[in-house]
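# Analysis of the macromolecular model
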Amino acid sequence: MTVATDNDINADDVTSMIAAQIAADGPLSLATYIERALATPDVGYYQSGDPFGREGDFITAPEISGLFGEMCGLFLAHMFELGQPLDTGAEKPQPAIIECGPGRGTLMADMQHVWGQLMPELAACHIHLIETSPYLRTIQQQTLTESVIHWHDDLSALPAAPLYGIANEFFDALPVAHAICREGIWRHRLVIADPDLGFGEGTPLTATELDRWHLSNKAASPDGTVAELCILGEDIMHILAAHIATYGGAILIIDYGKSDNIGDTVQAVSAHKPVDLFYQPGQVDISHWVDFNALADCALAAGARLIGPVEQGTFLAKIGLKARAEQAATHAAPDMRRALLAAYDRLVSPAQMGSAFKVALLVPQGEGTPPGFMNNDIKTEAVSPAERGDG
Ligand code: SAH
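What counts, and where the lines are drawn
Residues numbered from 1 in each chain as written. Predicted model: local features only at pLDDT ≥ 70, side-chain atom pairs only at ≥ 80, totals over all residues. Heavy atoms only, no water. Helix = DSSP H or I, 4+ residues; strand = E, 2+ residues; numbered from the N terminus. Rg over C-alpha atoms; globule rule 2.2 N^0.38 Å. Buried < 20%, exposed > 50% of the residue type's maximum accessible area, 1.4 Å probe, protein only. Areas by Shrake-Rupley, 256 points an atom, 1.4 Å probe, with all protein chains shown as cover. Lys, Arg positive; Asp, Glu negative; His and termini not counted. Charge placed at Lys NZ, Arg CZ, Asp CG, Glu CD. Salt bridge = Lys/Arg side-chain N within 4 Å of Asp/Glu carboxyl O. Pairing = 2+ DSSP bridges. Axes fitted to C-alpha atoms, helices over the stretch in contact; angles between N-to-C directions. Parallel < 35°, antiparallel > 145°, perpendicular 65-115°, else oblique. Left-handed = near helix turned anticlockwise from the far one by under 90°. Contact = heavy atoms within 4.5 Å. Phe/Tyr/Trp six-rings, centres within 6.5 Å; stacked < 30°, edge-to-face > 60°. Near = heavy atom within 4 Å. Polar contact = N/O pair within 3.5 Å; in protein donor to acceptor, adjacent residues only side chain to side chain. Nonpolar A, V, L, I, M, F, W, Y, C, P; charged D, E, K, R; others polar. Core = buried A, V, L, I, M, F, W, Y, C linked by side-chain atoms within 4.5 Å.

Assigned secondary structure in the protein consists of 13 helices and 16 strands. Over its C-alpha trace the protein gives a radius of gyration of 21 Å, about what one expects of a compact globule, namely 21 Å for 391 residues. Looking at the protein as a whole, 55% of its 391 residues qualify as buried. For the protein, the accessible area works out to roughly 17,100 Å², and carbon and sulfur atoms hold 53% of it. When the 22 basic and 50 acidic side-chain charges of the protein are each reduced to a single mean position, those positions are 7 Å apart.

Scanning the entire structure with this criterion turns up 13 salt bridges. Here Arg104 makes a salt bridge to Asp50, at a shortest N to O gap of 3.0 Å. Of the two residues, Arg104 is situated in the loop between β2 (96–100) and α5 (106–118) and Asp50 in the loop between α2 (30–39) and α3 (61–64); the sequence distance between them amounts to 54 residues. The exposure class of Arg104 is partly exposed, given its relative accessible area of 24%. Judged by relative accessible area, Asp50 falls into the partly exposed class, the value being 28%. Two residues, Asp264 and Arg189, come together in a salt bridge whose shortest N-O distance is 3.3 Å.

On to unusual backbone geometry, then. Going from Asp194 to Pro195, the amide bond is cis rather than trans, its omega being -10 degrees. Topologically, Pro195 is positioned in the loop between β7 (185–193) and β8 (197–204). Cis geometry is adopted by the peptide bond preceding Pro309, which originates at Gly308 and carries an omega value of 5 degrees. Relative to the helices and strands, Pro309 is located in strand β15 (residues 304–311).

A few words on the sheet that holds strand β12 (residues 273–275). Ordered by their spatial adjacency, three strands build an open sheet running β12-β11-β13, and the pairing between neighbours is antiparallel. The strands lining the two open edges of the sheet, one partner per strand, are β12 and β13 (285–287). Pairwise comparison of adjacent strand axes, ignoring direction, gives a mean angle of 40 degrees for this sheet. Sheet topology note: the strand β11 (residues 267–270)/β12 ladder contains three bridges and is antiparallel. What sits directly across from Val269, in β12, is Pro274.

Attention now goes to the packing of helix α4 (residues 66–82) against helix α12 (residues 321–330). In contact at an axis separation of 11 Å, α4 and α12 are set at 130 degrees when each is read in the N-to-C sense. In this view, α4 runs oblique relative to α12, as classed from their interaxial angle. When you trace α4 past α12, the crossing you get is right-handed. Contacts between α4 and α12 involve Leu67, Glu70 and Met71 from the former and Leu321, Arg324 and Ala325 from the latter.

Let us now look at the packing of aromatic side chains. Tallied over the full model, the rule gives 11 aromatic pairs. Ring centres of Phe80 and Tyr164 lie 5.3 Å apart, and the angle between their planes is 85 degrees; on these two criteria the pair is classed as edge-to-face. Pair noted here: Phe80 is in helix α4 and Tyr164 is in strand β5 (residues 163–168), with a separation of 84 residues, a long-range link. Accessibility expressed as a relative area gives 3% for Phe80, which makes it buried.

Okay, the site of the ligand next. Near the ligand, the surroundings consist of 18 residues, among which Thr60, Gly101, Gly103, Glu131 and Asn168 are the closest. The backbone of Gly103 places a nitrogen or oxygen atom 3.0 Å from an oxygen atom of the ligand. Here a nitrogen atom of the ligand sits 2.7 Å away from a polar atom, N or O, in the main chain of Asn168. When the ligand is considered free in solution it has 580 Å² of accessible area, and contact with the protein chains removes 93% of it. A breakdown of the residues in the shell around the ligand according to their chemical character gives nine nonpolar, six polar and three charged.

Turn by turn, an α-helix covers 3.6 residues, leaving residues three or four places apart pointing in a common direction. Most of helix α10 (residues 292–301) sits inside the fold, with nine of its 10 residues counted as buried. Those residues of α10 that fall on the buried side of the exposure criterion are Phe292, Asn293, Ala294, Leu295, Ala296, Asp297, Cys298, Ala299 and Leu300. On the buried face of α10, the contacting elements are α9 (231–247), β10 (249–258), β14 (290–291), β15 and β16 (357–364). For α10, the N-terminal cap is Asp291; the gap from its side-chain oxygen to the backbone nitrogen of Asn293 is 3.1 Å. One or two positions beyond α10, positive phi appears at Gly303, with a value near 90 degrees.

Their axes nearest at 8 Å, the elements α9 and α10 cross at an angle of 35 degrees. Here the hand of the crossing between α9 and α10 comes out right-handed. Of the residues in α10, those in contact with Gly233, Glu234, Met237, His238 and Ala241 of α9 are Ala294, Leu295, Cys298, Ala299 and Ala301. Looking at the contact of α9 with α10, its residues break down into seven nonpolar, two polar and one charged.

The biggest cluster of nonpolar side chains holds 58 residues, and the ones touching the most others in it are Tyr33, Phe171, Met237, Leu240, Ile286, Leu306 and Leu362. Those residues in contact with Ile286 that lie beyond four places of it in its chain are Tyr33, Ile34, Ala37, Leu38, Asp172, Ala173, Val266, Gln267, Ala268 and Leu277. Core analysis: the second largest hydrophobic core is formed by 52 residues, Ile59, Val348, Leu361 and Phe373 among them.

The following block contains the structure:
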């Protein structure tokens, strides 16, 4: 395993690699371009460096405050308690913990801390981390020294056990493809080299593709409208949901997102500032807004339920973040108190992360609404393609 120690790769390497591939094979789908930029071994964005924090390109909720992981840990402990079979004396299935895209491992460490105090059964479980970056795996290992950890590149070898866990800002980092509407016809939106990298347009979507893109029966869209499809995200949700339907458990999915796939939501960010999508691939973060409706359809199709999404601010308020922040602040020195309240504000305020970020919960089929959600957050049947994407 090669572990780079800093992000010293020449961005031209990735650009020329992509341009060479286009010269050899023709234009790429946007998803392939993003996959090359983020995940090419050694030189992809997530492969060789640490993008997080004030010094990095972006900051995530667990890196803002330990309160975020604490509240998620409490919530999952509650779900674990609810999911326990009545005590019949029979042996209970041993659960496992999962995190998709754990970054620095901060969120898992904060959840482990809470479980260590309140739910030792969860603290003792094996942890399964879905992580493709060798560099971030070494950081996760340093952060999570107390636990038994199994790393996975993908979801093909999950343990046959109830799964409790989380995916925070994971689905948004997966490659997304674009289609674009021209004179009433949806076409693939491709990446070309002419000679610089940029967008081009390809063949019309076939009837099967229109269905796959949730676009069949959709009313005509204005010229230039973009639709998005994250096949890897849908495949991953399908596997997680089938697993939860079979073995039980609960997984929180938290991401910036919306409930349709219409509009170009892809953004490239470097040092906390937006940059052009084709600027220095491999050196900048690329993400998109997650289509929670598509994920909920996958969950239903696999026999599970995706409850939500609700806004992160609403969810955290409902599960008691304010009281927890105030309690922590009363024991803190003035500087620390100000930092805590600023972190609270950043997590829940609609102007910051509170509205754009959404929370959903993957659970087996059944009745009941968990804390943090409301009855009408529960989707019971797939939305027809005609209803999708019109909002
Ligand atoms: N959850 C963390 C980090 C989110 S960043 C936090 O909240 O701070 C996205 C994470 O997903 C990184 O750890 C990245 O390496 C990982 N990742 C991205 N694409 C992946 C893929 N296809 N399979 C597995 N992990 C992936």
